[in-house]
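Spelled out from the first residue to the last, the chains are:
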Amino acid sequence: MASHTASQRYLSTRGGSYGLSFEEVVLKGLASDSGLFIPEVIPSLPPNWQNDWLKLSFEELAFQVFSLFISPAEIPPAALKDIIHRSYSTFRVLSITPTVTLDGDKRIHLLELFHGPTFAFKDVALQFLGNLFEFFLVRRNEGKTGKDREHLTVIGATSGDTGSAAIYGLRSKKDVSVFIMYPTGKVSSVQEAQMTTVPDENVHCLSVDGTFDDCQDFVKALFADPLINTTQRLAAVNSINWARILAQITYYFASYFSLVHSGTFNPSTDHIRFVVPTGNFGDILAGYIAKRMGLPVSKLIIATNENDILHRFWRTGAYEKQDVHGSAAEGGLVEDGVKAHVEGVKETLSPAMDILVSSNFERLLWFIAYDVYGFGVGNVQEGRHQAALKVKEWQTSLKTQGGFKVEKKVLDAATVDFASERVSDEETLAAISDVYRWPNTPGSKGYILDPHSAIGVTAALRSAKATPGVHNVALSTAHPAKFSHAVELALKEEKEFQFKDILPPQFVGLEDLPRRITHAQKSGGLEGVRKIIMDEVEKELTGAHP
Ligand SMILES: *Cc1c(COP(=O)(O)O)cnc(C)c1O
């Protein structure tokens, strides 16, 4: 195994590139053929992993996992350890992603992923990605001064959580600037405060007098703009970056070991399922990789809200955009973690899962296509070629027809590792208020779920009912204070409940802090936004900031 990890290489799901390094795929994000990067080989676990890894800390575990995907020649072990340490020292609990038991009898557990700086699970990945960007740039810039230094300009659009998680991941990073566009007056006040009160000079919040779609259009136009691309190296912050998936693999192992270590789970007799509130399929894809590496997970359960394209796929084998207006909905990939104002997307109480299509699903499709169409066709190269052809065929149909249908053998392969559940808004609210009343949950008062986590718990309860005895770990993706609207709606009858009891101290007074906002006019078009970005980067590079 040491031999193949030493030469870990990456390919594009659409067959346009092979043999890329980890650094190339992290800095590029999306492949030139519009495919997504995946490792050429999913590494398997070392022979004694169950003993050797049992007592490792989260950081040590991350190091073991990442080392299987990143060649030591690319990032020396000491540097990788340092990156990991800096990424997770911003978390508020020692175990980083604790697993708590919600109901011992029903064997329902919760993997809490919201202890990072912005109180949502995206921090686990974006804290790491920010440090990686910085590491690569600083290394490329060794011995260089002034204009010779490479600089990364990260741009993104947000109407929700991704913006703040990206900002907290990239703040103060050397040789990196970050520009986040959001629609003026259309993000919640906590979200706007989280983004705009960050004082670091490399952070730029652009308030655009338009909609989220206008912001997204600006991002697309900038990536396609020859002018800005001659002077800046642009990078994106969305869930398609491979490093984000990689970072999320660790907590599946951490959760498994936590249950084994506490004696809750007996690895020689018990079975475990992970239940994942899913939007763009990044979080659960990390679980799939962990399973393929050899973590003994009996099933991964996709929990969707009413935007249920994935659930419908697992029911029928048809992957089709929702057709709520009587015609195939328009619009490509939406930004991860936010509600896009595209036809066919339903606004729900769990906005971070409001998607039309799931961008990371393409990665799973490649692995399945390889197993079904590419395995045993002669040689590995030909097999990969067959997988890429299938992926391209499906993606073309998604783009031109609004969907595609797979053969039965593909769906059969998909149901080996996955099952799915759909959870409505009504059921989400019911779960928040039910769990609040459960006895013996962690904490002194009732346990309060955020709406995304409530979807996971609802699906976990269904799974527990269908297969009693199995342990179900639901992933908890956000702190309830981030989604106060749904929580207050669910608990309005509870006399004991007061929202201020769950408000983290970090949120208190946040809205009174000074803000740094640049206003961008939609009427100024691409030129206007381009000028803002070029001027701000120039100011940063020449140290001309006030
Ligand atoms: C992004 C997000 C999700 C969905 O995760 P995917 O990786 O896109 O499937 C779920 N819950 C919260 C709170 C999120 O921010």
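The rules we used
Residues numbered from 1 in each chain as written. Predicted model: local features only at pLDDT ≥ 70, side-chain atom pairs only at ≥ 80, totals over all residues. Heavy atoms only, no water. UniProt positions renumbered as here; feature names shortened; annotations may be inferred. Near = heavy atom within 4 Å. Polar contact = N/O pair within 3.5 Å; in protein donor to acceptor, adjacent residues only side chain to side chain. Areas by Shrake-Rupley, 256 points an atom, 1.4 Å probe, with all protein chains shown as cover. Nonpolar A, V, L, I, M, F, W, Y, C, P; charged D, E, K, R; others polar. Helix = DSSP H or I, 4+ residues; strand = E, 2+ residues; numbered from the N terminus. Buried < 20%, exposed > 50% of the residue type's maximum accessible area, 1.4 Å probe, protein only. Axes fitted to C-alpha atoms, helices over the stretch in contact; angles between N-to-C directions. Parallel < 35°, antiparallel > 145°, perpendicular 65-115°, else oblique. Left-handed = near helix turned anticlockwise from the far one by under 90°. Contact = heavy atoms within 4.5 Å. Pairing = 2+ DSSP bridges. Salt bridge = Lys/Arg side-chain N within 4 Å of Asp/Glu carboxyl O. Phe/Tyr/Trp six-rings, centres within 6.5 Å; stacked < 30°, edge-to-face > 60°. 1 Å grid on protein atoms, 1.4 Å probe; cavity = no way out; pocket = protein on both sides within 12 Å on 5 of 7 lines; lining within 4 Å. Points joined across faces, edges and corners; volume = space filled by probe spheres on them. Core = buried A, V, L, I, M, F, W, Y, C linked by side-chain atoms within 4.5 Å.

Going by an unreviewed UniProt entry, the protein carries the name threonine synthase and comes from Viridothelium virens. As recorded by UniProt, the Sequence similarities (unreviewed entry) comment attached to the protein reads in full: "Belongs to the threonine synthase family."

A.B. asks: Please clarify how the site of the ligand should be interpreted in this entry.
C.D. replies: For the ligand, the set of nearby residues contains 15 residues, the closest of which are Lys122, Gly279, Asn280, Asp283 and Thr477. At 2.5 Å from an oxygen atom of the ligand is found a side-chain nitrogen or oxygen belonging to lysine 122. Between aspartate 283 and the ligand, the recorded distance is 2.9 Å, taken from a backbone N or O atom to an oxygen atom. Protein coverage of the free-state accessible area of the ligand, which is 380 Å², stands at 98%. A per-class count over the shell around the ligand returns 6 nonpolar, 7 polar and 2 charged.

A.B. asks: I would appreciate a short explanation of the environment of leucine 356 in the present structure.
C.D. replies: Relative to the helices and strands, leucine 356 resides in the loop between β11 (318-320) and α14 (361-374). Take leucine 356: its relative accessible area is 2%, and that puts it in the buried class. Along the backbone, leucine 356 and lysine 495 are 139 residues apart, and their C-alpha atoms lie at a distance of 38 Å.

A.B. asks: Explain the UniProt feature "modified residue: N6-(pyridoxal phosphate)lysine" (unreviewed entry) in the protein to me, please; I cannot follow it from the model alone.
C.D. replies: In this numbering, the UniProt entry assigns the feature "modified residue: N6-(pyridoxal phosphate)lysine" (unreviewed entry) to Lys122. Along the chain, lysine 122 falls in helix α6 (residues 122-140). You can call lysine 122 buried: its relative accessible area is 9%.

A.B. asks: Please clarify how the packing of α6 against helix α7 (residues 161-170) should be interpreted in this entry.
C.D. replies: Angle between the axes and distance between the axes: these two values describe a pair of packed helices. Two elements in contact, α6 and α7, have axes whose closest approach is 7 Å; the angle formed by their N-to-C orientations is 40°. On the basis of their axis angle, the class for α6 and α7 is oblique. In the crossing of α6 with α7, the sense of the turn from one axis to the other is right-handed. On α7, the residues that touch Lys122, Asp123, Leu126, Gln127, Gly130 and Phe133 of α6 are Thr162, Ala165, Ala166, Tyr168, Gly169 and Leu170. For the contact of α6 with α7, the residue count by class is 6 nonpolar, 4 polar and 2 charged.

A.B. asks: When you look at the sheet that holds strand β14 (residues 471-476) in this model, what are you seeing that I'm missing?
C.D. replies: Strand-to-strand pairing in sheets goes through backbone hydrogen bonds, with the strands running parallel or antiparallel. The mixed open sheet is built from 6 strands, whose spatial order is β3-β4-β14-β9-β10-β13. The two strands at the open ends of the sheet, each matched to only one other strand, are β3 (99-103) and β13 (418-422). Between one strand axis and the next, the sheet turns through 25° on average, direction left out of account. In the sheet, strand β9 (residues 272-277) pairs with β14 via 4 bridges, with the strands oriented parallel. Pairing of phenylalanine 274 across the sheet is with valine 473, part of β14. Across the sheet, helix α16 (residues 408-417) is in contact with β10 (299-304) and β13; its angle to β13 comes to roughly 85°.

A.B. asks: Before we go on, may I ask you to explain the pattern of salt bridges in this structure?
C.D. replies: Oppositely charged side chains are able to pair whenever their charged atoms sit close together. For the coordinates displayed, the defined rule picks out 30 salt bridges. Residue glutamate 362 is joined to arginine 14 by a salt bridge in which the shortest nitrogen-to-oxygen separation is 2.8 Å. Residue glutamate 362 is located in helix α14, and its partner arginine 14 is located in the loop between β1 (10-12) and α2 (22-28); the two are separated by 348 residues in the primary sequence. Close ionic contact of aspartate 371 with arginine 292 constitutes a salt bridge, the shortest N to O distance being 3.1 Å. Taken together, the positions of aspartate 371 in helix α14 and arginine 292 in helix α12 (residues 282-293) put the pair 79 residues apart, joining distant regions of the chain.

A.B. asks: I'm lost on helix α8 (residues 189-196) in this one. Help?
C.D. replies: α8 sits mainly inside the fold: 6 of its 8 residues count as buried. Turning to α8, its buried residues are Gln191, Glu192, Ala193, Gln194, Met195 and Thr196. If you follow the buried residues of α8, they end up packed against α7, β6 (176-183) and β7 (203-208).

A.B. asks: Even after reading the chapter, I still don't get the packing of aromatic side chains, so can you show me in this structure?
C.D. replies: One pair of aromatic rings is described through two measures. These are the centre distance and the angle between the planes. Applying the stated criterion to the full structure yields 35 aromatic pairs. Ring centres of tryptophan 366 and tyrosine 370 lie 5.4 Å apart, and the angle between their planes is 10°; this geometry places the pair in the stacked category. Of this pair, tryptophan 366 and tyrosine 370 both sit in helix α14, separated by 4 residues, roughly a single helical turn. For tryptophan 366, a relative accessible area of 3% translates into the label buried.

A.B. asks: Would you take a moment to explain the packing of α6 against helix α11 (residues 242-261) for this structure?
C.D. replies: Here α6 crosses α11 at 125°, and the two axes come no closer than 8 Å. Considering the angle they form, α6 stands oblique to α11. With respect to the hand of their crossing, α6 and α11 are arranged in right-handed fashion. Seen from α6, the contacting residues are Lys122, Val124, Ala125, Leu126, Phe128, Leu129 and Leu132; seen from α11, they are Ala243, Arg244, Ala247, Gln248 and Tyr251. Here the residues of the contact of α6 with α11 are counted per class, giving 9 nonpolar, 1 polar and 2 charged.

A.B. asks: I tried to follow empty space enclosed by the protein on my own but got confused; where do I start?
C.D. replies: The gaps left among the atoms become clear once a water-sized probe is rolled over them. What the rule picks out here adds up to 2 cavities of 30 Å³ or more. The space that makes up the second largest cavity amounts to roughly 30 Å³. Around the second largest cavity, the lining residues are Asn307, Asp308, Ile309, Arg312, Gln322, Gly344, Ile355 and Leu356.

A.B. asks: Would you take a moment to explain the environment of alanine 125 for this structure?
C.D. replies: Here alanine 125 shows up in helix α6. Here the alpha-carbon distance between alanine 125 and histidine 311, two residues 186 residues apart in the chain, equals 25 Å. If we skip the residues at most four places from it in the chain, alanine 125 touches Arg244, Ala247 and Gln248.

A.B. asks: Teacher, can you tell me more about the nonpolar core here?
C.D. replies: Note on soluble globular proteins: their nonpolar side chains tend to be buried together. Counting residues in each nonpolar core, the largest one holds 121 residues, and the members touching the most others are Phe22, Phe66, Phe69 and Phe253. The greatest single-element share of this core, amounting to 14 residues, is contributed by α11. With 37 residues, the next largest nonpolar core counts Ile108, Ile455, Ala460 and Ala481 among its residues.

A.B. asks: What exactly am I supposed to notice about the sheet that holds strand β8 (residues 233-236) here?
C.D. replies: One open sheet accounts for 5 strands, arranged β8-β5-β6-β7-β15; its pairing is parallel. Bordering the open sheet on either side are β8 and β15 (518-520), each of which pairs with just one other strand. The average angle at which neighbouring strand axes cross in this sheet is 30°, direction not considered. Examined bridge by bridge, β6 and β7 share 6 bridges and lie parallel to one another. Paired with methionine 181 across the bridge in β7 is leucine 206. Sheet strands in contact with α7 are β5 (152-157), β6 and β7, and its direction is about 165° off that of β6. Its contacts with the sheet place helix α21 (residues 525-541) against β5, β6, β7 and β15, and it is angled at close to 145° to β6.

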